[in-house]
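Results of the structural survey
The lines below spell out each chain.
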Amino acid sequence: MKMKWKITMMGTFRMSCEETELDINGIMGKQLASLLAYLIVKRDRIVTKQTLIETFWHDCKSPQNAMKFAIFRLRRELEQLPYGQNEEWILTVKGGYQFNPELDCDLDVAELEAICSRSDAGEADRLAALAQGAFLSGMEDEWIRLQREYLWRMMVESAETMSDELEQREAYRTAETLYKTLLMLEPYNDQVYYLYLRNLVRQRRFSEAIQMYDAVAGAFYREYGIEFQGKSQALIYFISAENGNPLTLDELISSLDEEVQEPMAFYCERPVFQKLYQVNCREIRRTRGCFYLLLLNLRPFHEEEDISDMLEYLNRVLKNSLRGSDIFCRVSQYQYAIMMEMRRKEDAYIIVDRVCSRFYKRYPSDQARLNYDVRQIGPLPLSARTEAEAALPADSDNNG
């Protein structure tokens with residue numbers, strides 16, 4: 001008699017049969033559990049031996065032996081599961097291995113992918129029910145992190161597609177449940193918060209939306225030391241203005257004079273940055289002063305990933321970590337240039353260390369590295385300064 005298996009990967013890795021639920025991590029350990037999960041995720045294809053070696057044993061001295069022994073141990077562990085002794089779990093095929101496609105299995109990740117591909121608003125409740133935890137929570141192999149990010153993007157894109165229809169149908173509670181569920185996985189995701197806040201705005205729950213944003217922005221600032229920005233912030237500013245009380249001119253001036261929490265650096269495009277750089281160079285000819293130019297390089301370790309979120313986050317870190325007088329721009333895909341006025345070069349390193357520290361809080365150094373180079377611009381040698389001053393018009397105070 002063939003057994004029916006239910007395999008759950010959203011959250012902890014579990015398998016169940018005949019109402020017996022098994023914690024696969026606890027039974028097999030993370031290494032074998034990761035190998036089994038990988039074969040299940042790739043269940044519709046043959047996984048070559050070379051692919052397995054590159055994924056699990058790329059730094060092993062005897063990868064072939066390590067792989068064969070791991071497959072042997074995995075088969076033995078599966079056969080020792082309750083109801084598992086009569087199943088042929090892992091097939092040996094030409095060139096590699098495959099999780100047996102003939103096994104009768106319900107896989108939550110497969111259902112999740114199918115729902116996301118359809119993005120039917122009628123399945124929003126089911127999507128929320130499946131997204132009850134991060135993919136293989138508690139396991140951090142590189143392939144797992146990549147798959148987790150892939151599934152996350154798929155869920156967010158599906159929620160965004162569903163959102164218009166849910167709001168048109170006034171299925172606000174269903175939408176709210178879905179957004180809350182996703183935010184349990186990624187508490188500071190701006191895209192999901194925007195959908196959530198928009199859902200509240202459509203219901204004219206303005207005060208609730210503003211209070212929610214303030215709470216999230218405050219928590220984000222306390223954790224990362226930078227401002228929570230993006231589409232959700234723009235929406236809150238808009239509804240605050242749309243629904244605020246009229247101001248007198250005195251009240252407006254008073255509100256504009258209020259101190260902001262932290263002045264932010266000025267971001268500009270490269271042509272503007274170039275003009276400002278040239279202005280600064282002309283200024284140091286007059287003053288014999290100097291400024292510092294910093295080139296910051298982001299080096300992601302896995303370029304096949306979509307790193308747009310990483311670059312956006314770095315931009316926000318720079319905007320909030322630099323001083324109000326600093327100027328920065330993006331000069332290539334992974335590079336930023338920064339102009340800073342300061343007395344000592346050591347002060348530039350202090351600022352860069354602050355940028356790196358805040359960036360690594362979200363993207364640890366095993367995912368990407370920030371490299372940098374700092375150079376002092378000026379002062380000019382005295383002879384060059386004299387020539388430059390000779391070309392300048394005389395000060396008005398010296399004119400007779």
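The model shown is predicted, which means the values in this text are computed figures rather than measured ones.

Cut-off values and rules
- Residues numbered from 1 in each chain as written.
- Predicted model: local features only at pLDDT ≥ 70, side-chain atom pairs only at ≥ 80, totals over all residues.
- Heavy atoms only, no water.
- Helix = DSSP H or I, 4+ residues; strand = E, 2+ residues; numbered from the N terminus.
- Buried < 20%, exposed > 50% of the residue type's maximum accessible area, 1.4 Å probe, protein only.
- Contact = heavy atoms within 4.5 Å.
- Areas by Shrake-Rupley, 256 points an atom, 1.4 Å probe, with all protein chains shown as cover.
- Pairing = 2+ DSSP bridges.
- Axes fitted to C-alpha atoms, helices over the stretch in contact; angles between N-to-C directions.
- Disulfide = S-S within 2.5 Å.
- pLDDT = per-residue confidence, 0-100.
- Phe/Tyr/Trp six-rings, centres within 6.5 Å; stacked < 30°, edge-to-face > 60°.
- Lys NZ or Arg CZ within 6 Å of the ring centre and 35° of its normal.
- Salt bridge = Lys/Arg side-chain N within 4 Å of Asp/Glu carboxyl O.
- Parallel < 35°, antiparallel > 145°, perpendicular 65-115°, else oblique.
- Nonpolar A, V, L, I, M, F, W, Y, C, P; charged D, E, K, R; others polar.
- Core = buried A, V, L, I, M, F, W, Y, C linked by side-chain atoms within 4.5 Å.

So, the overall build of the chain
Helix and strand counts for the chain come out as 16 helices and 12 strands. Here the chain holds 400 residues, and 43% of them are scored as buried. In the chain, the share of contacts with a sequence separation of at least 24, taken over all contacts with a separation of at least 6, comes to 67%. Counting every atom, the chain has about 22200 Å² of accessible surface; 48% of that belongs to carbon and sulfur.

Description of the sheet that holds strand β4 (residues 47-48)
The antiparallel open sheet is built from three strands, whose spatial order is β4-β6-β5. The open sheet has two edge strands with one neighbour each: β4 and β5 (90-93). Judged from the four bridges that link them, β5 and strand β6 (residues 96-99) form a sheet pairing that is antiparallel. Note that in β6 the partner of leucine 91 across the bridge is glutamine 98. Along the sheet, helix α2 (residues 30-41) makes contact with β4, β5 and β6, crossing β6 at roughly 80°.

With respect to the state of the cysteines
According to the stated counting rule, one finds zero disulfides in the structure shown. Of the cysteine sulfurs around cysteine 17, a residue in no disulfide, the closest is that of cysteine 105, at 9.3 Å. Owing to a relative accessible area of 2%, cysteine 17 belongs among the buried residues under this scheme.

Section: the environment of phenylalanine 328
For phenylalanine 328, the location among the structural elements is in strand β10 (residues 327-332). With sequence-adjacent residues up to four places away left out, phenylalanine 328 is seen in contact with Ala265, Phe266, Tyr267, Cys268, Phe273, Asn315, Leu318, Lys319, Leu322, Tyr336, Ala337 and Ile338.

Regarding the confidence of the model for the chain
With 89% of its residues at a pLDDT of 70 or more, the chain has an overall mean of 86. Summarising per-element confidence for the chain, the mean pLDDT is lowest in helix α16 (residues 382-390) (43) and highest in helix α6 (residues 124-130) (98). For residues 382-400, every residue scores under 50 in pLDDT, and the model assigns this stretch 10 contacts once sequence neighbours within four places are set aside.

Side note on unusual backbone geometry
Apart from glycine, the bulk of residues carry a negative phi angle, and the bulk of peptide bonds sit in the trans form. The backbone of glutamate 18 sits at a positive phi, close to 50°, despite the residue not being glycine. The backbone of glutamate 19 shows a phi angle near 65°, a positive value even though the residue is not glycine. Here glutamate 19 is to be found in the loop between β2 (14-17) and β3 (20-23). A relative accessible area of 85% means that glutamate 19 is categorised as exposed.

Description of the packing of aromatic side chains
Applying the stated criterion to the full structure yields 21 aromatic pairs. Between tyrosine 313 and phenylalanine 359, the aromatic rings sit 6.3 Å apart at their centres with planes inclined by 40°, giving tilted as the arrangement. Highlighted residues: tyrosine 313 in helix α14 (residues 308-321) and phenylalanine 359 in helix α15 (residues 345-362), separated in sequence by 46 residues. For the pair shown, tyrosine 313 and phenylalanine 359 are each scored as buried. Relative to tyrosine 360, the ring of phenylalanine 359 lies with its centre 5.9 Å away and its plane at 65°, an arrangement referred to as edge-to-face. Clustering of aromatic rings is evident, with ring pairs tying together Tyr38, Phe56, Trp57, Phe135 and Trp143. We note lysine 231 situated over the ring of tyrosine 194; from NZ or CZ to the ring centre the distance is 4.3 Å. The aromatic ring of tyrosine 313 is capped on one face by arginine 362, whose charged end is 4.8 Å from the ring centroid.

Observations regarding the pattern of salt bridges
Per the counting criterion, the structure on display carries 20 salt bridges. Residues aspartate 104 and lysine 4 are paired through a salt bridge, measuring 3.1 Å at the closest nitrogen-oxygen approach. One end of the pair, aspartate 104, is in the loop between β6 and β7 (105-107); the other, lysine 4, is in the segment before β1 (5-8), and 100 residues separate them in sequence. Owing to a relative accessible area of 41%, lysine 4 belongs among the partly exposed residues under this scheme. Ionic contacts of the salt-bridge type, sharing partners, join the residues Arg173, Glu176, Lys180, Arg205 and Glu208 into one network.

What to know about the packing of α2 against helix α4 (residues 63-79)
Viewed as axis vectors pointing N to C, α2 and α4 meet at an angle of 85°, and their least axial separation amounts to 10 Å. Relative to α4, the element α2 lies roughly perpendicular. Packed against α2, whose contacting residues are Gln31, Leu32, Leu35, Leu36 and Leu39, the element α4 presents Ala70, Ile71, Arg73, Leu74, Glu77 and Leu78 at the interface.

Quick look at the packing of helix α9 (residues 190-202) against helix α11 (residues 231-242)
Axis separation between α9 and α11 bottoms out at 8 Å; the angle between their running directions is 25°. It follows from the interaxial angle that α9 and α11 lie roughly parallel. Seen from α9, the contacting residues are Asp190, Tyr193, Tyr194, Leu197, Arg198 and Val201; seen from α11, they are Lys231, Ser232, Gln233, Leu235, Ile236 and Ile239. A per-class count over the contact of α9 with α11 returns seven nonpolar, two polar and three charged.

Notes on the nonpolar core
Counting residues in each nonpolar core, the largest one holds 118 residues, and the members touching the most others are Met9, Phe13, Leu36, Leu52, Phe135 and Phe359. At 10 residues, the largest contribution of residues to this core is made by helix α7 (residues 142-168). Setting aside chain neighbours within four positions, we find phenylalanine 13 in contact with Ile7, Thr8, Leu22, Asp23, Ile24, Asn25, Ala33, Leu36, Ala37, Ile40 and Leu136.

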